[in-house]
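# Residue-level structural notes
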Amino acid sequence: MVAKSTIFGLIAALTIILIVVSMTGDDSTKYVKTIGTVYESGFSQSCVDSGCYTPNVAHVKTGGTITMKNTDPTGVHTFTSGTVDGFAPQPNGIFDSGVLMSGNAFKHKFSQNGTYDYYCMLHTWMTGKIIVS
């Protein structure tokens, strides 16, 4: 026969595990479905430190789709995968929205884990990052 103290010990351990798991919670709130552009980001580089895309670092689950939308009513923008060296764009061909007028959007599905840098081809100070996990 199993001792009552052993049963109580197992119940206590299980309770602690359940509490810890519930405290860590579901990290699904960090995942986004839409990335936008900051107001007047094409005219001013004042958004560089805080990010010219919102959010500046976006998270998506593997297999998820992100809508990249020009939410800046004052200008046209792109979402082009790759990096910028100084002001020289270096696209990598993974995705490219082309020129988006204000209110227009582009969708891309991310099927592989990784970090995807992107920028605006027209305003190379605008850079962002998408993390797929």
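For the structure itself, look to the data block above.
The following paragraphs examine the structure supplied in this document. (Residues numbered from 1 in each chain as written. Predicted model: local features only at pLDDT ≥ 70, side-chain atom pairs only at ≥ 80, totals over all residues. Heavy atoms only, no water.)

Turning to the sheet that holds strand β3 (residues 57-60), a few remarks are in order. The 5 strands are arranged β3-β9-β8-β5-β6 in an open sheet whose pairing can be described as mixed. Here the strands that pair on one side only, and so sit at the sheet edges, are β3 and β6 (88-96). Each neighbouring strand pair of the sheet contributes to a mean axis angle of 35°, computed without reference to strand direction. For strand β5 (residues 80-85) and strand β8 (residues 114-119), the ladder comprises 2 bridges, and the chain directions are antiparallel. Bridge pairing links T80 to Y119 in β8. (Pairing = 2+ DSSP bridges. Helix = DSSP H or I, 4+ residues; strand = E, 2+ residues; numbered from the N terminus. Axes fitted to C-alpha atoms, helices over the stretch in contact; angles between N-to-C directions.)

Under the counting rule described, the total for this entry stands at 1 disulfide. Here C47 connects covalently by a disulfide to C52, the sulfurs 1.9 Å from one another. As the torsion about the S-S bond is roughly 90°, the C47-C52 disulfide counts as right-handed. For C47, a relative accessible area of 5% translates into the label buried. In this model C120 remains outside any disulfide bridge; the closest cysteine sulfur is found in C52, 9.2 Å from its own. (Disulfide = S-S within 2.5 Å. Buried < 20%, exposed > 50% of the residue type's maximum accessible area, 1.4 Å probe, protein only.)

If you walk through the whole model with that rule in mind, you get 6 aromatic pairs. When the ring of F95 is compared with that of F110, the centres are 5.8 Å apart and the planes differ by 80°; the resulting orientation is edge-to-face. Taken as a pair, F95 in strand β6 and F110 in the loop between β7 (105-109) and β8 lie far apart in primary sequence, 15 residues in all. In this structure, F95 and F110 share a single accessibility class: buried. (Phe/Tyr/Trp six-rings, centres within 6.5 Å; stacked < 30°, edge-to-face > 60°.)

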